[in-house]
Amino acid sequence: MSDDELIWRIAGGSGDGIDSTSQNFAKALMRSGLDVFTHRHYPSRIRGGHTYVEIRAADREVQSRGDGYNFLLSLGDSFARNPQEEAYYGNEEIKPLSENLDELREGGIIVYDEGLIDEEDVEAINLEERAEENDWHVFPMDLRGLAKEHGREVMRNTAGVGVTAALLDMELEHIEDLMSDAMGGEILEANLEILHEAYDTVNEEYDFEHDLRAPEGSHDTEQALLSGSNAIAYAAIDAGCRFIAGYPMTPWTDVFTILSQNFPDMGGVSEQVEDEIAAAALAVGASHAGVKAMSGSSGGGFALMSEPLGLAEMTETPVVLVESMRAGPSTGMPTKPEQADLEHVLYTSQGDSQRVVFAPGNIEEAYEQTRLAFDIAWDYQIPAIVIYDQKLSGENENVDVEFFDREPSPDLGSTLTEDELAEAAHDNSGKFKRFNYDDAENGVAPRSIPGQKGGRYLATGNEHSPVGHISEDPDNRVAQMERRIEKLESIRAELDEERDSTQTYFGPEDADYGIVTWGSSQGAVAEAIERLNENGHSVKGISVSDMMPFAEREVTEFLESVDEAMVVEMNATAQFRGLIQKELGRFGDKMTSLLKFNGNPFEPAEIVEGYEVNLADEDRQPTAQVRIEPAAGD
Amino acid sequence: MSAFNAIGEEREIDRDEYTPGVEPQPTWCPGCGDFGVLKSLKQALPEVGKTPEEVLTVTGIGCSGKLNSYLDTYGFHTIHGRSLPVARAAKLANPELEVIAAGGDGDGYGIGGNHFIHTARENHDITYIVFNNEIFGLTKGQTSPTSPKGHKSKTQPSGSAKTPLRPLSTSLNAGASYVARTAAVNPNQAKEIIKEAIEHDGFAHIDFLTQCPTWNKDARQYVPYIDVQESDDYDFDVHDRAEAAEMMRETEDVLNEGTVLTGRYYVEDDRPSYSQEKHAVGEMPDQPLAERYFDDDAEWERSYDLLERHT
C-alpha cells in the first residue's frame, strides 16, 4: 500500500451527479500530470441508493482501483426515500457516509455534507469514536448551504470539489478550465463562486493535521481519459464499422450509445430494434449487403443472439459482436461486474462452433483487440466476439493520445470486386461459387456482395454446395466442414506468427510461481505481482486474451515454466481454468483458482493474500469475499 | 466504376434468368401452392425491370424458405422467423437493392411475429410475402397461428382452442402501408399484386394463400376466389384506412367458412418509407452505405478526432 497515491471516493445517491463530478475531477488530476484510474459502483435503480466513484491518482502507472481508499467526499443521498429505520433500504441519507467507512484507510480524510446529513445520524454510527481509532480526519461542511447561497443546491458537488482541492493543497486551475469547457454564463459563474468560497473557507478556517496531499506528476505527451466502452466504440469507427444494431441492456448500452451518437456525423447507421435476436440478425443482414457491422449485448441479451450467431458462422458472414458481462445467472446483478459468461460466449449456438473470441484486459487492449476482431472477421468471414465486463466498460483510465494515431481501415477483407468476380469460378448456370472449397486459401472462400455483377449466390444456414444450394451430400459436407474448421487454425497461425502477441506478461521471466488471468482482472493481478516481487517472492503473470482460437502455445509455455500457478478470475466456477484444461489437456494439478463473485472487482491486496494463503498451504480462505478452489488432486 | 453494376441495369430480361440451372429441382409436393408464388415472382420481376443480380430475396425456414433456392437472384435463406430483420438491414445498408422477404405462416406470424409487427410499424421499404397455408408443412402438419379454431393435429389432438391470427388486420394496425391477399390458384392477380408491392415505396405485405395438399387437405384453398376489386359486391376505397380495416375484418371473419376474398386491401401512397423518415431526422446517409467501401475517394472519419473531448 503506497502513501504516494490519492484514492478519492465521492459518494452519494444515484442521480446526485456523482458520475459527472468525478469525471471532471479525474480529468483535472490527469491534466495536472497524474495517471488516473476510476472505479464506478452503482445500484440498479435510477435515483437514490448508495453509489460511489473512486479515482485513484499517482505519479506512476496505475492499473487497478487499488486497495481501499484514503479520501471520502460524502454528499449524502438527496433522493433518500425511506428515512424510517425499519424500511428495507434503511436510512438512506447517511448511507453514502455510513456504507463507505469499512474500506477507508487509516489516516484518511472524510468530508461530509452536514447540510444534508443529520448530526443525530452521524452520532448513531459512532463516527467520532471510529475516527479516533483509525486516525481519520473528519471535516463536516455545510456544502448544501453554501451551494444554495450562490446558486442551487445541486451545485454542492462543486463545493465538495473545492473543499477537496483545499484539503489536498491542489491548484484550482485545471478544475476551473474544465468547468469553463462544460458550462457558461450564470451557471459557470455560480459554480466558480462556490468553488472558490469552499476552497477559501477550508484554508482560512481549518488547520490540517493530515499528511495526505495530491501527488505531483507530469506527462510527456497529451493524455485522454477513456473508458473501455469508449475504446471499443472508437476502435469500431477506425475499423470502418458503419452499422450497429442493438437493444439496451446494462452495461452494453455504453458502446451502443456512443456509436449511435457519433454515427450520424460520419454517415453510419444505428438501429435500436425490438430484441437482441433482431439486433444480431440486422448486423448479419447489413454485413451481407456489404457494410462493416456490429451488434452486442450483455449476457441475457447475448443469449438471444445465439441463433443469428450460428447463422453468421454457417453463412460465413463477417460480424463483430460485443458481450459486456455482468453478474448472472439470468438478470443477476445488472450493475455489477463478473467474468462468468465465458463458456456462454465460447459455446452458445448449435453445431461445431467457428467463431473468434477476444477478451481484452485494459483500455488499450479493448481498442486494439476490437480492431483486430474486425480485421479477422472480414478477412476470414467469421463472427468475432469481444468479451469484456461491467468493470472495464465503466472504468476510466488515461491513455496516451498518440496511441490512437493510426489509419482507418474500411477494408472489406476477402470480398471480390466485379473485375475479380468475372475471373472467379462459376457453375454451369452462371452462379458464383461463393463457397468454393477447391482452391480456398486458409479455408477462406472469397465472397461477393448483392448487387455486384456476376456474384449471384445463395447464403443459407443449411449445409450447402459451393454456389449455396442446400446440400446433404456427404462428400460436400465433409469438404465444407473441413474448410470452415481450417479457418480457425489459420487464424491461430496468424495470431501466433504475424500479429504481436495479444497476451500480456508481468513480472520476471524466470519466476517460479505463475498467476494466470484474463480480461479486466488483469490490472489488479499486475499490481499484486509487482508487490509480491517487491516483497521478495518470485512471481510472474500472464493475462490471456485469445479465448478462441485459444492461445495454446503461449499458455503452454507459461505453465511449463512455473512450478505452480494460480488462476484469478471473477466467477464461482473457475470457467477460465476449465478452458485451459480443456484446450491443453494438462496442467490440472498445477493450477489453483482464486475466485471472486460478490459483485466487486478484485483488489490487488486480495490477490496477494490469496497467493500467501495458497503458498502456505493453509486450510482457510483468504478473506470472506474471495474463494480458493484447489488444484485437481489436492 | 461502381461496385454494383447489376443495380439499375436496363435491358430485356428473360424469365428464364431467374431459374437456376439443372440443380436444384423443387422439393415441394406435387400440387403445392408454393409453386404458384415462385411462378408469379418469376413473371413479375422482369416486368418491373429488375435484373436477378439487383434483387435480394431473404427467406425464413420451412417449405416457403426454399423459395430462393429455386429463384436465381442473390439470396439469403436465414433462420426460422428471422427473415425480416436480415432483410431490413440489407435494405438500410444498400437502399438500391430490391429486397424481397418471404416466409410461411408459422415462420412469419408465429416465431417471427414480433419482427413482423415492428417491420410494419417502421414501414421499411421491402416486400414481404407470407406463404399462408394455415399449417406447419415441413415439420409435418402441426397447427399454425392461422389454422382455424378446432383444427386437429398431432400437437393439438383435441382441436385447437385458439382463434386464428388475422394477418391483414395485424399488419394494417401495426402500420404496413401496403396490404394485400392473393392466392396461388389466382396467378394473374398474384403477379399484379407482387408487381405493385415491389414498386410500392414502403412495407408491402402480401398474405399469399398457398394450398398444402399433403398436410392440410381440408383447408379452404380449393374454393373459388372472389377478387374484391373485380366484384361489384365489394366496393371500398383501398386508400381509406377505416374502409380497408372493415373489409379486412369481413374477409378474415369468413375465411374459415369457405369464402375466400382476395385483392388489395390497403394502399397508402403518401407515407414516407422508414429510410426516408430516418433520413429526415439525420440518421441516414445520402449515398448507399455499402457503396462507400468500394469508393477509393471516400473520406473515412477517424476516431481520434473524437478524443478531444477526453483530453
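Residues numbered from 1 in each chain as written. Chains lettered and ligands numbered in written order. Predicted model: local features only at pLDDT ≥ 70, side-chain atom pairs only at ≥ 80, totals over all residues. Heavy atoms only, no water.

With that settled, the discussion passes to the overall build of chain A. Scanning chain A for helices and strands turns up 22 helices and 22 strands. Expected size for 634 residues packed as a compact globule is a radius of gyration near 26 Å; at 27 Å, chain A falls within 12% of this value. In terms of its C-alpha atoms, chain A occupies a principal-axis envelope of roughly 90 × 60 × 50 Å. Pairs at least 24 residues apart make up 78% of the contacts formed inside chain A by residues separated by at least 6 positions. When the accessible surface of chain A is split by element, carbon and sulfur atoms take 42% of a total near 22900 Å². Averaged over its 48 positive side-chain charges, chain A has a centre that lies 7 Å from the centre of its 126 negative ones. (Helix = DSSP H or I, 4+ residues; strand = E, 2+ residues; numbered from the N terminus. Rg over C-alpha atoms; globule rule 2.2 N^0.38 Å. Contact = heavy atoms within 4.5 Å. Areas by Shrake-Rupley, 256 points an atom, 1.4 Å probe, with all protein chains shown as cover. Lys, Arg positive; Asp, Glu negative; His and termini not counted. Charge placed at Lys NZ, Arg CZ, Asp CG, Glu CD.)

Here we take up the UniProt feature "domain: Thiamine pyrophosphate enzyme TPP-binding" (unreviewed entry) in chain B. Annotation from UniProt places "domain: Thiamine pyrophosphate enzyme TPP-binding" (unreviewed entry) at residues 61–208 of chain B. Secondary structure over residues 61–208 of chain B splits into 33% helix and 22% strand, and the C-alpha atoms at its two ends are 16 Å apart. (UniProt positions renumbered as here; feature names shortened; annotations may be inferred.)

This paragraph deals with the packing of aromatic side chains. All names here are of chain A. Overall, the coordinates contain 20 aromatic pairs over all chains when judged by the stated rule. With a centroid separation of 5.8 Å and 20° between ring planes, the pair formed by Phe374 and Trp378 is classed as stacked. Pair noted here: Phe374 and Trp378 are both in helix 15 (residues 363–380), with a separation of four residues, about one helical turn. A relative accessible area of 0% places Phe374 in the buried class. (Phe/Tyr/Trp six-rings, centres within 6.5 Å; stacked < 30°, edge-to-face > 60°. Buried < 20%, exposed > 50% of the residue type's maximum accessible area, 1.4 Å probe, protein only.)

Right, let's talk about the nonpolar core for a bit. Phe243(A), Val516(A), Met547(A), Leu559(A), Phe576(A) and Ile129(B) are the most contacted members of the largest nonpolar core, which totals 186 residues. Excluding anything up to four places from it in sequence, Ile129(B) contacts Val37(B), Leu41(B), Ile100(B), Ala101(B), Ala102(B), Gly103(B), Ile194(B), Ile206(B) and Phe208(B). With 47 residues, the next largest nonpolar core counts Leu6(A), Met170(A), Ile175(A) and Ile194(A) among its residues. (Core = buried A, V, L, I, M, F, W, Y, C linked by side-chain atoms within 4.5 Å.)

As a further point, take the pairing of strand 22 (residues 626–629) of chain A. Residues and elements named next belong to chain A. Residue alternation in strand 22 divides its side chains into a buried set, Val626 and Ile628, and an unburied set, Arg627 and Glu629. Strand direction decides the pairing type here: strand 21 (residues 591–596) and strand 22, joined by four bridges, are antiparallel. From the neighbouring strand, Lys596 faces strand 22, where its bridge partner is Val626. (Pairing = 2+ DSSP bridges.)

To continue, consider the sheet that holds strand 3 (residues 98–104) of chain B. Ordered in space as 15(A)-2(B)-1(B)-3(B)-4(B)-8(B)-7(B)-10(B)-9(B), the nine strands form an open sheet in which the pairing is mixed. Here the strands that pair on one side only, and so sit at the sheet edges, are strand 15 (458–460) of chain A together with strand 9 (225–227) of chain B. The average angle at which neighbouring strand axes cross in this sheet is 20°, direction not considered. Sheet topology places strand 4 (residues 127–132) of chain B next to strand 8 (residues 204–209) of chain B; six bridges connect them, and they run parallel. Across the sheet, residue Ile129(B) finds its bridge partner in strand 8 of chain B, namely Ile206(B). (Axes fitted to C-alpha atoms, helices over the stretch in contact; angles between N-to-C directions.)

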